[in-house]
Structure formats: structure tokens, C-alpha cells
Amino acid sequence: MQFETSNLSLAAVRADCIAIGLHDDGKFAPLAQQVDEASGGRLKQLQARGDLPSRLGETLLLLDLPGLKAERVVVVGLGAPADFDRRAWRKALSAALKAVLRTRTLRLALALERPAADQKPGGDYYFGRAVAELTHAALYRTNDLKSARKPKPAALTRVLTAAIANEAAANVKRGFVHGSAVAGGMKLLRDLGNLPGNICTPRYLAEQAKGLASAHRSLTVKVLDEAGIRRQKMGCLLAVAAGSAEPPRFISLEYRGGKAGAAPIVLVGKGVTFDTGGISLKDPGAMDEMKYDMCGAASVLAALQVVAELRLPLNVVGLVGAVENMPGSRATKPGDIVTSAAGLTVEILNTDAEGRLVLCDALDYARRYKPAAVIDIATLTGACVIALGHHTTGILGNDDALAQELVAAGQRADDRGWQLPLTEEYAEQLKSNFADLANIGGRDGGVITAAAFLGRFTKGMSWAHMDIAGTAWLSGSQKGGTGRPLPLLADFLIERAGRGG
Ligand code: BES
Ligand code: MN
Ligand code: ZN
């Protein structure tokens, strides 16, 4: 997909479709005005008849308007001018793209009004990013395994954004490049999440990491098999894998783009390729969705793909603990006590609290890199979904500055997270009579006690934890991966590399 900026008049623009927006106050913004004038007042006539949409996200396709080179015009409603914020703009743009993709448009000129938020510093960059991300999101097709013939792919190959001033063009174009890379990462993340557990196994994730490393010379991969994991004394990770015939894998994927000695950012992903709950078996209800329990791991792989593609001047390490959590005759039982790589003993009171067991050993592994920051990403708790719903990623950690840096990145990237308090008293809920700590802390404050467990393994490192249980996928008729929290993570990394908006 090619993205360009253009300053041509809309009458002359070389595109076979123009998308314009219309507010509900009946006034035409300058770009809609241009189309109206070029077509000899055709839009005004249609508006007078009451045929043009103005409610947010409503669309209408107009064919062969006179006076325009483009043979199609998609009109999208922008709603009330007073409510036209970034979110409304994204919604309108997505709706317009959807309408465009129902046609055989090859070259699209986007001539929607931009929201006021775009006038802020960095606005042009984020405009470019959002255009690229939303275009690719509209083009995304779920990687289903249906045997029927796939529908024809969309024809769209070029998107140009109209009315971009010359001094804004460079930033918009950088946004296009970054947004396209983020979209590529989101596709990888969504595809991996959507794959069923019988395909996307720990070994499959390891193969994906190897594939990334062979596609990018700046990436090096190392995969530990079960014996290698045992040599690292990762007793907690192995306790989760114990019940499954699928062997675990531990993946490290290193990107060297920064100065040789510069401390890396280490990303750690929960890669539970299927979470049955183990002996503490889950209810059958929506158990199929536990194929998404590797979205933290996939976010890490996707983030490294983005970083490598954009050649960011940073050192970044991705670590993934990949396991399947199954019941079985060798499975870990409630009450079993195991020793983590860090040496702390853990009483596993609930085998369904397995993500933290995988992460604690991976977080300990991160220490050898003397990281500038460690960020783990995990579909860790149902409690996070209760607390924040599906809109906001839970962010916790032992370094408020780092946590707030992630919150700010999510704000800028329209992929929001919110910090929850991780104060010392929560760790007390993890006391065990028989081991250094238990792997559960009761129902109350479940998002936070899960983080408190991880906090026992990250002392002395600048660490943040992202609970993406609510944000990484959607249920119901929209079931599927969302590609979150990649925009947030990518923004954080781009900003750390000094290449942001
Ligand atoms: N993978 C789940 C968390 C989860 C649940 C994500 C629902 C998305 C939707 C995790 O391994 C888990 O089972 N957590 C338990 C922890 C509890 C046993 C302390 C949970 O949240 O119920
Ligand atoms: Mn679980
Ligand atoms: Zn899980």
C-alpha cells in the first residue's frame, strides 16, 4: 500500500474515489466545498433533498459526479462539529474506508476534515500514522480456516491525503511509514492470536521468532527447548508445561540498533498457547478464547518486527515463555511447591494462575541484560477485564515514571492504558504457610495481586507490567484479536528512540 500527500485541487486529483466528510450542521468544510463547486453544486442539491449523510459514521457512495476526475465520491457523516474529536474522526475515517473497500477503488483521495487535536504538536505525524493504521485495519481479513473460496482482495493500492501543507508533509509521511510498520505488526499479532491452539503451539511461536530473525539481519534469535529451560532452572515455567504433551519453548529475540553498550529495553511476553486452567480447570463457557492467552508473546514478537523494520536506534530484547497449560497425569497439582529461576519457592494453589509462573522465570532471565527497562505484556487476569473492561490496558509496576510513559504512549497512539496502584500491602495477600509465596492472593484486587507476584521477581529493575486480558481480543460476534497493545508499545519504543511526533 502506498501513502502519499497531495495538494492538488480535488477536481483534478488523480484518484478514482474521493472521501469527504459532512457535519450535521449543514455547512460544508473547505474540501467538501471544493467537490461541490467542481460538480456544479451537485452536493448542495443532494443535501437539500436530504439525501446526504451527516450522522457520525453513516456513508453514501455517489457515482460519476460531473466535473471531477474521480468517478466515485464517498460521503461520510462527521456528526456534530462540537463532538468532532479524534475518536469521532477515527470512527468516520474507518466507516469511509469500509465504504470505499466495497468498491473497486484503486486510488483513494482522503479529503475528510481533520479534528482539532491534529493542530497540537505532533498532530501531523499522528495523522499520518492513524491514516496508515486505519487503512490497513480496514483491509485486514481474519485468517480463518474456512474452506470456501476467499472473497476477492480489495483493489486499493494508493491512498493520498488531500490538503496537506508543504511544511506538514514530512511529518505526515513519517507517520505513514511508522503507521504501516505498526499495522504490519498488528496483523502478525492478530493472526497469531486467531490461530487455534492446535496450530499455534509453543514450537510454532518459536518458528515465528526464527522467521523474523531470518527476515531481519538486525535480529538474532535463540530458542531454548525443554532441556535448555531446565538448565536455566525455570521451575515455575516448567510447572505450567508439565501437564502438556506439547513441549515448552523459551525464546529470546534480540535487536541491536542502538549503541553497542547501551542498556536494552526488555519486553517479556506471556505465551500460553492454550490455557485450560490445568488441574484447576476452567469452566467450558468461553474456554476456546484461551487460545488468545499468547497475545502477550505475540505482542513482543510484533514489537520486535516493528523496531527492526523501522531500524530504530535502540537496543531491544524480546523474551517469550511459551507453554501450553493442560491437565494430565503429570500436571502440577494445587499445593505443589516449585522453585523459580530466581530461587524463590512458590506454592501453586491454583494452576489457572499460570501466567505469572511463566513470567516470573522470564523476568528473572531479563536481569542478565541489565535492562534500562523491563516491560511484561500478558493476558494475565480476568480481574483486569472486570476492573477496566475491554477499552483500557492495565498498567502497573515499580517505577511510576515508566508506567506513566506507557500511559502517555497509549494516549498518543489511541491505544489507552491506565495505571493501577501497586503498593506494598498487596504483596501480603500472597503469603504462603509452606513456601516463599503463593501464586494467588484471593479474589480482591486480583489484577494487582497478580502484578504484586511479578513484583517479587523484578526488584532492582525498572519494571512495568501490562495486563491486556481485556484489550487483546474481542468476544461474541466480533470474536478475534484486536492488535492491541501494539500501537501503545510501538509508540513507547519510537518515542524512546527519539523518532516520535
Ligand atoms: N489467561 C487467564 C486470564 C484471563 C481470563 C484472560 C479471562 C482473559 C479472560 C489467566 O491465566 C487466569 O486464568 N487467571 C485467573 C487467575 C486466578 C486463578 C487468580 C483468573 O483471572 O481467573
Ligand atoms: Mn489461567
Ligand atoms: Zn492464562
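Above this note sits the structure.
Residues numbered from 1 in each chain as written. Chains lettered and ligands numbered in written order. Predicted model: local features only at pLDDT ≥ 70, side-chain atom pairs only at ≥ 80, totals over all residues. Heavy atoms only, no water.

Is there a simple way to explain the packing of helix α12 (residues 400-412) against helix α14 (residues 486-496) in this structure?
Angle between the axes and distance between the axes are the two parameters that describe a pair of packed helices. One can describe the packing of α12 onto α14 by two numbers: an axis separation of 8 Å at closest approach and a directional angle of 110°. When the axis of α12 is compared with that of α14, the two are roughly perpendicular. Between α12 and α14 lies a crossing of right-handed hand. Facing α12, whose interface residues are Leu-402, Glu-405, Leu-406, Ala-409, Gly-410 and Arg-412, α14 presents Leu-488, Asp-491, Phe-492, Glu-495 and Arg-496. Class assignment for the residues of the contact of α12 with α14 results in five nonpolar, one polar and five charged. (Axes fitted to C-alpha atoms, helices over the stretch in contact; angles between N-to-C directions. Helix = DSSP H or I, 4+ residues; strand = E, 2+ residues; numbered from the N terminus. Parallel < 35°, antiparallel > 145°, perpendicular 65-115°, else oblique. Left-handed = near helix turned anticlockwise from the far one by under 90°. Contact = heavy atoms within 4.5 Å. Nonpolar A, V, L, I, M, F, W, Y, C, P; charged D, E, K, R; others polar.)

How should a negative patch on the surface be read in this particular structure?
Where like charges cluster on the molecular surface, the negative patch consists of Asp-24, Asp-25, Asp-83 and Asp-85. Looking at the element boundaries, Asp-85 is found in the loop between β4 (72-79) and α3 (86-101). (Patch = residues over 30% accessible without salt bridge, like charges linked within 9 Å, V, L, I, M, F, W, Y side chains within 5 Å. Areas by Shrake-Rupley, 256 points an atom, 1.4 Å probe, with all protein chains shown as cover. Salt bridge = Lys/Arg side-chain N within 4 Å of Asp/Glu carboxyl O. Lys, Arg positive; Asp, Glu negative; His and termini not counted. Charge placed at Lys NZ, Arg CZ, Asp CG, Glu CD.)

Looking at this structure, how should I read the coordination of the manganese ion (ligand 2)?
Six octahedral donors around a metal ideally subtend angles of 90 or 180 degrees, whereas four tetrahedral donors ideally subtend 109.5 degrees. Around the manganese ion (ligand 2), the protein contributes the donor atoms Asp-275 (OD), Asp-352 (O), Asp-352 (OD) and Glu-354 (OE), at 2.0 to 2.2 Å from the metal centre. Geometry at the manganese ion (ligand 2) is irregular, judged from its six donor atoms and the angles of 71 to 167° they form at the metal. Donor residues for the manganese ion (ligand 2) sit on one chain with the sequence pattern D-x76-D-x1-E. (Donors = N, O, S within 2.8 Å, 3.2 Å for Na, K, Ca; no water. Tetrahedral: all angles 85-135°; square planar, octahedral: opposite > 155°, others 65-115°.)

I would appreciate a short explanation of the packing of aromatic side chains in the present structure.
The relative placement of two aromatic rings is captured by the distance of their centres and the angle of their planes. This model, assessed by the stated rule, comprises seven aromatic pairs. Measuring from centroid to centroid gives 5.7 Å for Trp-89 and Phe-127, while their planes differ by 40°, and the two rings are tilted. Of the two residues, Trp-89 is situated in helix α3 and Phe-127 in helix α4 (residues 123-139); the sequence distance between them amounts to 38 residues. Exposure class is identical for Trp-89 and Phe-127. Each is buried. One aromatic cluster is present, built from ring pairs that chain together Phe-250, Tyr-365 and Tyr-369. Residue placement shows Lys-44 over the ring face of Phe-28; its charged tip is 4.8 Å from the ring centre. When the ring centre of Tyr-365 is taken as origin, the NZ or CZ atom of Arg-368, which lies over that ring, is 3.7 Å away. (Phe/Tyr/Trp six-rings, centres within 6.5 Å; stacked < 30°, edge-to-face > 60°. Buried < 20%, exposed > 50% of the residue type's maximum accessible area, 1.4 Å probe, protein only. Lys NZ or Arg CZ within 6 Å of the ring centre and 35° of its normal.)

What exactly am I supposed to notice about the coordination of the zinc ion (ligand 3) here?
Listed as protein donors to the zinc ion (ligand 3) are Lys-270 (NZ), Asp-275 (OD), Asp-293 (OD) and Glu-354 (OE); their distances from the metal cover 2.0 to 2.4 Å. In this structure, the zinc ion (ligand 3) is surrounded by six donor atoms whose angles at the metal cover 79 to 174°, and the resulting shape is octahedral. A separation of 3.2 Å is found between the zinc ion (ligand 3) and the manganese ion (ligand 2), which share Asp-275 as a coordinating residue. One end of the pair, Asp-293, is in the loop between β9 (265-275) and α9 (295-309); the other, Glu-354, is in the loop between β12 (345-348) and α10 (355-366), and 61 residues separate them in sequence. With respect to burial, Asp-293 and Glu-354 carry one shared label: buried.

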